Amino acid sequence: MSSTHSESLFARAQQLIPGGVNSPVRAFRSVGGAPFFVKSARGATLTTADDRELIDFVCTWGPAIHGHNHPVIKAAIAEALENGTSFGTPNPYEVEMAELIVQFVPSIQKVRMCNSGTEATMSAIRLARGFTKRDKIIKFAGCYHGHSDSLLIKAGSGALTHGYPDSAGVPASFARETIVLPYNDRAALVEAFAANPEQIAGVIIEPYCGNLGFIMPDPGYLSHLREITAQHGTVLIFDEVMTGFRLARGGVQELESITPDLTTLGKIIGGGLPVGAFGGRADIMDYLAPLGPVYQAGTLSGNPLAMAAGIAALKLLDELNPYERLDQLGAQLRDAVLAAAKTKGLPVQVPQRGSMFSIFFTSQPVRDYETAIKGDIKLFARFFHACLERGVYLAPSAFEAGFLSTAHEGAAIDRACEVFTEVIGEL
Ligand SMILES: *Cc1c(COP(=O)(O)O)cnc(C)c1O
């Protein structure tokens, strides 16, 4: 077999980069095979190093809601680039970004920019602890909040995919401060608060979970969470790094009419460049240095190129208001999978909302970690590879959401529906 460009690049990468990848989610270990390299991307299409064109349902793991290489975002970056790449002083873009964020997400009264979702959640947790003067936090099994020590416990996404939901290297003494509860379980919440009176600084949740695959909360679950955290003086943190600006302009909190105390953002807010942000109640945010005692910083935070890209992405969302259209496209994909599976007599669950969806090969509704891991992973791997052979790229894991963008119009969705139908028929 002749060595393809992707194959030779991967061979070189594996010599020097652990596993050949700079983020484990990109590895194909759970589905088998080697990742392909991409040399360019436009709209809904990736072009691989071997000149294959793929319809992309990973969308750079969420950020690319306008598709790849959007001309308006590109122009905004080019314009910012003319003036320099980093100043180490405040710059005008940061102010415009903050104004946009508080306008889009009303629960955010003040906001701090950082460079990744991991930084945003790590800092929000520290802030909740500093503000409440308590140590313990609650997270939910299978939710992923980046890779800081407090949060890499029963984590989803790549940590789960590759079999390390509890990472080595996290001291047991740190892990003890993190209480892990099942998602969608009200009684477990009540018990945890009763067992740890006045000790719980914060609860962090993906309000719609996207890192176990896509999972929705039961009706009333999030409002119960809001009530119980308010009762106990615990900071409620909505991690909307994935869902923010994706499911609605104001995120899940807008859809569910819930006001968290803090919100973490990332992905879309960078327009394809590395950005994170956290914000919320002004009285909590004012605990941050230089006003308050909780320290948080970043040499490149509020970087002008990243701000320009993010501002352009957010303004485009405002202009296009694509959410209803994206939901129709998502529903079209879901219905195609459900219909094909029904014909075939194959048990499948396809949770979908807006531009997010998942395909779980299981007969039970998926509502938490335990039900998600019942999905048939081997069958998913066959499904994944058969789709890829036909030019449709899904995330290489049974525990990741699929994403649509405004560039996935007509032909891309129709083709994906055809491929899903054909592949399920042959499974
Ligand atoms: C992606 C993600 C993160 C981590 O963001 P990075 O930019 O990868 O550090 C945190 N929380 C959620 C919900 C995410 O989806």
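Before reading on, note that the structure itself is shown above.
Residues numbered from 1 in each chain as written. Predicted model: local features only at pLDDT ≥ 70, side-chain atom pairs only at ≥ 80, totals over all residues. Heavy atoms only, no water.

Participant: Please clarify how the packing of helix α14 (residues 377-389) against helix α15 (residues 411-426) should be interpreted in this entry.
Facilitator: At a minimum axis separation of 10 Å, α14 and α15 run at an interaxial angle of 130°. Between α14 and α15, the crossing angle belongs to the class labelled oblique. Seen along the crossing, α14 lies across α15 with a hand that is right-handed. Contacts between α14 and α15 involve F383, A386 and C387 from the former and V419, F420, V423 and I424 from the latter. Split into classes, the residues belonging to the contact of α14 with α15 amount to seven nonpolar, no polar and no charged. (Axes fitted to C-alpha atoms, helices over the stretch in contact; angles between N-to-C directions. Helix = DSSP H or I, 4+ residues; strand = E, 2+ residues; numbered from the N terminus. Parallel < 35°, antiparallel > 145°, perpendicular 65-115°, else oblique. Left-handed = near helix turned anticlockwise from the far one by under 90°. Contact = heavy atoms within 4.5 Å. Nonpolar A, V, L, I, M, F, W, Y, C, P; charged D, E, K, R; others polar.)

Participant: Sorry if this is basic, but what is going on with α15 here?
Facilitator: Each turn of an α-helix holds 3.6 residues, which means side chains three or four residues apart point in the same direction. Over its 16 residues, α15 runs 23 Å from end to end, which matches the ideal 22 Å to within 8%, given 1.5 Å per residue. As for α15, its buried residues are in contact with β3 (53-56), α12 (323-344), α14 and β13 (392-393). (Expected span 1.5 Å × (residues − 1).)

Participant: Where do I start with the sheet that holds strand β1 (residues 38-42) in this structure?
Facilitator: Within a beta sheet, neighbouring strands are joined by backbone hydrogen bonds and run either parallel or antiparallel to one another. Read across the sheet, four strands follow the order β1-β2-β3-β13 without closing on themselves; strand pairing throughout is mixed. Looking at which strands have only one partner, the edges of the open sheet turn out to be β1 and β13. When β1 meets strand β2 (residues 45-48), the two strands line up antiparallel, connected through four bridges. Bridging across to β2, R42 finds its partner in T45. (Pairing = 2+ DSSP bridges.)

Participant: Help me out: how do you make sense of the nonpolar core in this one?
Facilitator: Nonpolar side chains in soluble globular proteins generally cluster together in the buried interior. One finds F57, F245, I269 and F383 to be the most contacted residues of the largest nonpolar core, which totals 67 residues. At the level of secondary structure, the elements contributing two or more residues to this core comprise β3, α3 (92-104), α11 (304-320), α12, α14, β13 and α15. The residues that make up this core include at least three from each of domain 1 (5-65 + 322-426) and domain 2 (71-319). Excluding residues that lie within four positions of it along the chain, F57 makes contacts with L333, F357, V392, Y393, L394, G402, F403, L404, H408, I413 and A416. Counting residues in hydrophobic clusters, the runner-up holds 40 residues, among them L181, A192, F214 and Y221. (Core = buried A, V, L, I, M, F, W, Y, C linked by side-chain atoms within 4.5 Å. Buried < 20%, exposed > 50% of the residue type's maximum accessible area, 1.4 Å probe, protein only. Domains from an automatic or database assignment.)

Participant: In this structure, what is going on with the side chain of T264? I would like to understand it.
Facilitator: Tracing the backbone shows T264 in strand β9 (residues 262-266). Of the residues examined, T264 reaches a relative accessible area of 0% and is grouped as buried. A polar contact is formed between the side chain of T264 and the side chain of D239, at a distance of 2.9 Å. If sequence neighbours within four positions are ignored, T264 has contacts with A120, T121, A124, I237, F238, D239, E240, V241, A277 and F278. (Polar contact = N/O pair within 3.5 Å; in protein donor to acceptor, adjacent residues only side chain to side chain.)

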